[in-house]
Every structure is written in structure tokens, then in C-alpha cells.
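Now for the letters of each chain:
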Amino acid sequence: MRSDLAEPLSVMSRRRRSRHGPLAHALETMLERDERIRAVAAGLSPGIGDVLLAATTRRMVAVAHGGWAVSVFYPQIASVVTGGWLGLTVTITTAGTVLCFRAPGHSGREFADAVRIGTPIVSGGLAAV
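Residues numbered from 1 in each chain as written. Predicted model: local features only at pLDDT ≥ 70, side-chain atom pairs only at ≥ 80, totals over all residues. Heavy atoms only, no water.

## Examining the pattern of salt bridges
Scanning all chains against the criterion turns up three salt bridges. Across the salt bridge formed by D34 and R58, the nearest N and O atoms sit 2.6 Å from each other. In this pair, D34 is assigned in the loop between helix 3 (23-30) and strand 1 (37-45) and R58 in the loop between strand 2 (49-56) and strand 3 (59-64), connecting sequence segments 24 residues apart. In this structure R58 comes out as partly exposed when scored by relative accessible area, which is 31%. Across the salt bridge formed by E35 and R59, the nearest N and O atoms sit 2.7 Å from each other. Of the two residues, E35 sits in the loop between helix 3 and strand 1 while R59 sits in strand 3, which places them 24 residues apart along the sequence. (Salt bridge = Lys/Arg side-chain N within 4 Å of Asp/Glu carboxyl O. Helix = DSSP H or I, 4+ residues; strand = E, 2+ residues; numbered from the N terminus. Buried < 20%, exposed > 50% of the residue type's maximum accessible area, 1.4 Å probe, protein only.)

## Considering the layout of surface pockets
Of the volumes computed, that of the largest pocket is approximately 300 Å³. Along its surface, the largest pocket is lined by 15 residues, and P8, V11, M12, V40 and S107 are the ones closest to its centre. Where the lining of the largest pocket is concerned, the elements lending two or more residues are helix 1 (3-10), strand 1 and helix 4 (105-118). Among the elements that make up the lining of the largest pocket, the one with the highest residue count is strand 1 (five residues). Split into classes, the residues belonging to the lining of the largest pocket amount to eight nonpolar, three polar and four charged. (1 Å grid on protein atoms, 1.4 Å probe; cavity = no way out; pocket = protein on both sides within 12 Å on 5 of 7 lines; lining within 4 Å. Points joined across faces, edges and corners; volume = space filled by probe spheres on them. Nonpolar A, V, L, I, M, F, W, Y, C, P; charged D, E, K, R; others polar.)

## Topic: the nonpolar core
In this structure, L53, M60, I77, F101, F111 and V115 are the most contacted members of the largest nonpolar core, which totals 21 residues. Of all elements in the fold, only strand 1, strand 2, strand 3, strand 5 (77-83), strand 6 (88-94), strand 7 (98-103) and helix 4 reach the threshold of two or more residues within this core. In terms of residue count, the dominant contributor to this core is helix 4 (four residues). If sequence neighbours within four positions are ignored, M60 has contacts with L53, A54, V70, S71, V72, Y74, I77, I92, L99, F111 and V115. (Core = buried A, V, L, I, M, F, W, Y, C linked by side-chain atoms within 4.5 Å. Contact = heavy atoms within 4.5 Å.)

In C-alpha cells:
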């Protein structure tokens, strides 16, 4: 397994790692050789279930059980919104898709910040709020 993926997985709780660990291989197959991971988050998405997400140097990728996968390049992201009391809800909006998931506060914030860093500034303001 790639070191930039193995390291964030190793710091997850044992329970979270056992639920999301099998998704790591699917996520790894989506990455290009020269693409590096900035942050990883494991969470729960309504209607999808357990989801493993990565913010890379080029895009945001996400995988779930049953073959569900999403890849969104940063220029396609319209907004990144975080909030919530118990855990953290991260909502990523693109032109045609809204991806919402709950993750532990620290990893969710780190992931959202990594996506925001990758999202370009557009005229009139930031693309990610």
C-alpha cells in the first residue's frame, strides 16, 4: 500500500479502520502514480454508507462498498461547507453533485481544509467557502 495512504489509515481508531480499511485498495487503484494524498477521511454518508475519501494534489476521490466511487477535480468544486455538533458534517458541492458525509471532527476538518487548499480562486471570490 502507498505510504501516503497507509499513514493516515494507521492513525484511525481500530473500529474505523476495520470498517473502512477494505475500501483503501479501491481508493488506491483510482490514484495516478504522481498524485499524492494530502488528507484522508473515513465517514458515513446518507444513502451510501461507509465512505473513504482522499484529498490529493489534483482532486478529491471517494469510494464506498458496492463499487460506488466519485472523482472530482478541484476546479469543479463550487463549495466546501463544514458544521455539526457530534462529529463533523462536510458538504462538498459541484455543478451536478452534492456529497455529504459525517466524520470525526479532526479528520473531517483536515480533509475539508485540504480540499479548500486545492480549490482554485475564481473571479469574485473563493470557490470554496
